[in-house]
Amino acid sequence: MIEYRNLRVALLGAGSVGAQVASLLLAHGEELAIRAGAGLELVGVAVRDVDAKRSADIPHELFTTDAESLILGADIFIELMGGLEPARTLILQALNSGADVITGNKALLATHGQELFEAAEQVGAQLYYEAAVAGAIPIIRPLRDSLAGDRIKRILGIVNGTTNFILDRMDTVGESLEEALATATKLGYAEKSDPSADTEGYDAAQKTAILASLAFHTTVPLEAVHREGITGVTLDQIEAARKAGYVVKLLAICERLTDADGVEGLSARVYPALVSRDHPLAAVHVAKNAVFIEAEAAGDLMFYGAGAGGIETASAVLGDLVSAARRHVIGGPGVAESTHANLPILPMSLVRTRYQISLSVVDEPGVLAAIATLFSEQGVSVETLNQSVLSTNDDGAPSATLVIGTHEASEAHLAATVIALGESHVVSRVTSVLRVEGS
Ligand code: NDP
Ligand code: HSE
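Cut-off values and rules
- Residues numbered from 1 in each chain as written.
- Chains lettered and ligands numbered in written order.
- Predicted model: local features only at pLDDT ≥ 70, side-chain atom pairs only at ≥ 80, totals over all residues.
- Heavy atoms only, no water.
- Near = heavy atom within 4 Å.
- Polar contact = N/O pair within 3.5 Å; in protein donor to acceptor, adjacent residues only side chain to side chain.
- Areas by Shrake-Rupley, 256 points an atom, 1.4 Å probe, with all protein chains shown as cover.
- Helix = DSSP H or I, 4+ residues; strand = E, 2+ residues; numbered from the N terminus.
- Nonpolar A, V, L, I, M, F, W, Y, C, P; charged D, E, K, R; others polar.
- Pairing = 2+ DSSP bridges.
- Contact = heavy atoms within 4.5 Å.
- Axes fitted to C-alpha atoms, helices over the stretch in contact; angles between N-to-C directions.
- Buried < 20%, exposed > 50% of the residue type's maximum accessible area, 1.4 Å probe, protein only.
- Domains from an automatic or database assignment.
- Buried area = accessible area lost by both parts, 1.4 Å probe.
- Patch = residues over 30% accessible without salt bridge, like charges linked within 9 Å, V, L, I, M, F, W, Y side chains within 5 Å.
- Salt bridge = Lys/Arg side-chain N within 4 Å of Asp/Glu carboxyl O.
- Parallel < 35°, antiparallel > 145°, perpendicular 65-115°, else oblique.
- Left-handed = near helix turned anticlockwise from the far one by under 90°.

Colleague: So what about the site of ligand 2? Which residues, and what values?
Modeller: In the neighbourhood of ligand 2, the contacting residues comprise Lys106, Asn160, Gly161, Thr162, Tyr189, Glu191, Asp198, Asp203, Lys207, Gly307 and Ala308. A distance of 3.5 Å separates a nitrogen atom of ligand 2 from a polar backbone atom of Tyr189. In the environment of ligand 2, an oxygen atom lies 2.8 Å from a nitrogen or oxygen atom belonging to the side chain of Lys207. Against a free-state accessible area of 250 Å², the protein chains account for coverage of 89% of ligand 2. Of all the secondary-structure elements, those providing two or more residues to the shell around ligand 2 are α6 (161-172) and α9 (202-216). In terms of residue class, the shell around ligand 2 is made up of two nonpolar, four polar and five charged.

Colleague: Would you mind going over the sheet that holds strand β2 (residues 39-46) in detail, with residue names and values included?
Modeller: The strands making up a sheet associate through hydrogen bonds between their backbones, and the pairing can be parallel or antiparallel. With respect to topology, six strands assemble into an open sheet ordered β3-β2-β1-β4-β5-β6, the strand pairing being parallel. Of all strands in the sheet, those with a lone pairing partner are β3 (63-64) and β6 (127-128), marking the two edges. Here β2 runs beside β3; their pairing, made up of two bridges, is parallel. When the bridges of β3 are listed, Val45 appears paired with Phe63. Helix α3 (residues 87-96) rests against β1 (6-12), β4 (76-79), β5 (100-103) and β6 of the sheet, and its axis sits at about 170 degrees to β4.

Colleague: Talk me through the pairing of strand β9 (residues 246-258); I want residue IDs and the actual numbers.
Modeller: The side chains of a regular strand alternate, first on one face of the sheet and then on the other. Judged by how many residues are buried, β9 sits mostly within the fold: 12 of 13 residues are covered. Pairing between strand β7 (residues 152-158) and β9: four bridges, direction antiparallel. Directly across from Leu156, in β9, lies its bridge partner Ile253. Where β9 lies against strand β10 (residues 264-276), 13 bridges are found, and the strand directions are antiparallel. The partner of Leu251 across the bridge, within β10, is Tyr271. In this antiparallel pair of consecutive strands, β9 and β10, the connection spans five residues, and Gly262 shows a positive phi of 80 degrees.

Colleague: With reference to specific residues and values, describe the domain arrangement of the chain.
Modeller: How large an interface is tends to be reported as the accessible area lost when its parts come together. Splitting the chain by domain gives domain 1 (4-134 + 311-330), domain 2 (140-306) and domain 3 (351-437). For domain 1 versus domain 2, the distance between C-alpha centres works out to 28 Å. With 19 residues of domain 1 in contact, the opposing surface of domain 2 contributes 18 residues. Between domain 1 and domain 2 the total buried area reaches about 1500 Å² when both faces are included, carbon and sulfur atoms providing 56% of it.

Colleague: Before we move on, can you summarise a nonpolar patch on the surface with the specific residues and values?
Modeller: Together, Leu368, Val382 and Leu385 make up a nonpolar patch on the protein surface, roughly 220 Å² of accessible area in all. Overall, the relative accessible area of 34% leaves Val382 in the partly exposed class.

Colleague: So, the packing of α6 against helix α7 (residues 177-186): which residues are in play, and what are the values?
Modeller: α7 packs onto α6 with a crossing angle of 130 degrees between their chain directions and a minimal axis gap of 9 Å. When the axis of α6 is compared with that of α7, the two are oblique. Note on packing geometry: the crossing formed by α6 with α7 is right-handed. On α7, the residues touching Thr162, Phe165, Ile166, Arg169 and Met170 of α6 are Leu177, Ala180, Leu181, Thr183 and Ala184. Classifying every residue of the contact of α6 with α7 by side-chain character gives seven nonpolar, two polar and one charged.

The following block contains the structure:
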């Protein structure tokens, strides 16, 4: 029997994820000890209510409401309570007392990540956060380690399960956004306290800030992530997308860009976009997550799986625990966050992509020519044009729906085009503007 050095593990939170982490650690502790080369002793679990019913069997004597005392003397501190405070203060306390820290708290990392990474570096401790983006899917370690020798060109991610579930239900079952959100809430996917964290893209934006920082070796603050949610997406748009061979997905996009002067920078953004049904991301259904990476040398890679769920996310946390324990055994300085590139974050106006624009127009001679002229005046090139069923507008005049697909154009030119369309006498209404990504 090998005698291992014992490491003291303190856990904060025994909710959906924390309870599963405690349970798996208690059940598989011996096996994890062999992999880590150190015993992993769960010394306590801090919660608000020690008598609350838990989703897993955890010995009652492990529970405490005194998180601060639990941290003292811990070798490894796992934070799974969520929110900004007191999580931030407790993590700083743990780092300053020499513990390595593991967290799944994307909100905290996207908001105070730089402060926490600097605090860790100062004391030679490590901050692990595999669970913070896309739950069970290994994506932090691949970006940080496996792809450290490559250059990432672009990441397209489905990193929010709730919105993917809603858009998928709208596409496959024809539910309205409200009906699909109610189903997502019933199934426990949507954020309990405030579903707008999911539907308005805040959760995805936090994960985008984390991914972009790692991929481009640059600190990307949350405020620099352009964010649009899915609450404006209609069933009409989803149906039109299906007919045109697309699916609507809420995408987290991190991209290397060059400005007009040839200066390299990056863009980090979240919005609903059309994805071709041939693209691997189109096959990501229900609440699953996937991250599609385009790298210079490695080419295209896709990471797919459960983006949330207690036991699934606990897998990522325990992977971090084994890594942290190995470092304690081997010793030496940890890996600091890599921010050497320090790329400028370029404005949305410089982003170039394709667009699909739907218009309700008056059906009379010269209308198509007028619209084509308007696009060309703004420097936006039309790629496809479809005219669908003729009907009458509110004034009883014949009207038609035009769906125009553009070649790649800048956001600035597209925005000017949409304004000009809205002001044109031949256009009754601009009914939809969606970006096309992933081609
Ligand atoms: P829950 O809300 O289910 O659990 C939170 C836990 O923290 C509870 O046990 C609660 O105690 C405890 N807690 C909250 N506030 C305090 C406090 N002030 N002092 C002591 N304990 C406190 O959260 P989740 O497990 O869902 O999420 C945990 C973290 O993991 C979050 O950062 C989340 O973003 C992240 N995450 C979650 C995923 C998921 O699928 N759920 C997926 C990926 C990441 P009590 O039970 O007594 O109220
Ligand atoms: N509400 C989040 C989601 C949970 O739907 O993906 C995981 O971060």
